[in-house]
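# Breakdown of the fold
Residue-level listing of the chains:
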Amino acid sequence: MYRIVLIAFLIGAAICLARAQDFHVPASATAGEDATISTTGSGKATFYLLGPGVSRKTDVSLGEEIHLQAQELRNAGAYLAIVCSSTCRGAGFYVTAAKPAILTFLVHPSRVPVAQGDAVSGVALPFDQFHNLVLTPVTVNFQLTAGNAPIFSRQVRTQDGAAWFRTSSGKSAGVVQVLASLDDLSARRAVQQVASDPCNLRIKGQRTAVGILVETEPVHDCAGNVVPDGTIVSFTATGSNSRSTVDAPIKKGVARAQIEGTGEASISVASGVVMGNELRIGAKP
């Protein structure tokens, strides 16, 4: 009979101890906001809080709420709460980022040829005021404009904290404004569109005292944009027993070259993969 009573007492004491250390962590918590942990039972206990950037040890009274200060929960991530009396029990909870307060925006490249498919890309990442990446899906609006003319517009839902786009470059050389916006947040970047490869190269030439002077007509790409100075144009002169090539940069929209020789010559022109017309110059009288 004594053993039965003793066993019943020990079981009851164990149940009371478990209840004394029972506690409930928040079902959800937001970075930078206060939170509470409820406890049951009575007596003194030691409370530990472990999480990103925080480590806390506090004496608490069971049966009362444990208050978590906003300063302790600034960093989003996984937290562990532990209550120790005669034994210890632990429970985890997660702190999510607060609402977006910062919009980080990256665009590539900063300089791009016109009329190139999938040439411009960008990614936007929303952060809260504590610099936590906001993982809750939000909608980011991307817009590309050249002057007052819209080129591209798309609304993109973030996935794992990022929203991105990829699109073709426009048809006109110049500065393109790229805007990412989220509610009242916005970030702006600029992309310089430059002329693409030369198109429809045409040359003219004449004989001089020392050879042949040959030059291009103003060089444009296929969309009509002026090809930037410095682009290399190659002139090749082929005679009956000779062949020579002169590489010349475009200056003020035109490339010029002086080719030596007195005999009849056939002159061709090329820039990159683009070929131009062929010019025949007679021999020097």
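Residues numbered from 1 in each chain as written. Predicted model: local features only at pLDDT ≥ 70, side-chain atom pairs only at ≥ 80, totals over all residues. Heavy atoms only, no water.

### Some details on the pairing of strand E22 (residues 243-249)
The condition is simple: What makes two strands pair is DSSP finding at least two bridges between them. Strands are runs of DSSP state E lasting at least 2 residues, helices are runs of H or I lasting at least 4, and numbering of each runs from the N terminus.
Bridge analysis of strand E21 (residues 232-238) against E22 gives seven bridges, and the strand direction is antiparallel. For Thr-236, the partnering residue across the bridge sits in E22 and is Thr-245. In this antiparallel pair of consecutive strands, E21 and E22, the connection spans four residues.

### Some points on the sheet that holds strand E15 (residues 174-182)
Test applied: The axes used here are C-alpha line fits, helices contributing only the stretch in contact, and every angle between their N-to-C directions lies in the interval 0 to 180 degrees.
Within the open sheet, the five strands sit side by side as E10-E16-E15-E12-E13. Their pairing is mixed. Each edge of the open sheet carries a strand with a single partner, namely strand E10 (111-113) and strand E13 (149-157). Averaged over neighbouring strand pairs, the angle between their axes works out to 25° when direction is ignored. Here E10 runs beside strand E16 (residues 185-194); their pairing, made up of three bridges, is parallel. Along E16, the bridge assignment pairs Pro-113 with Val-194.

### Section: the environment of Thr-36
Applied cut-off: Throughout this description, buried means an accessible area under 20% of the type-specific maximum (1.4 Å probe, protein chains only), exposed means over 50%, and partly exposed covers the range between. In this analysis, two residues are considered to be in contact whenever any of their non-hydrogen atoms come within 4.5 Å of each other.
Along the chain, Thr-36 turns up in strand E3 (residues 35-39). Thr-36 sits in the partly exposed class, given a relative accessible area of 34%. Taking C-alpha positions, Thr-36 is 49 Å from Val-191, a pair spaced 155 residues apart along the chain. Those residues in contact with Thr-36 that lie beyond four places of it in its chain are His-24, Pro-26, Glu-65, Ile-66 and His-67.

### Observations concerning the confidence of the model for the protein
Stated formally: pLDDT expresses, on a scale from 0 to 100, how confident the predictor is about each individual residue.
Confidence in the prediction for the protein averages 88 pLDDT; 92% of positions are at 70 or higher. Throughout residues 1-20 the model reports pLDDT below 50, and contacts reaching past four residues in sequence, or to other chains, amount to nine contacts.

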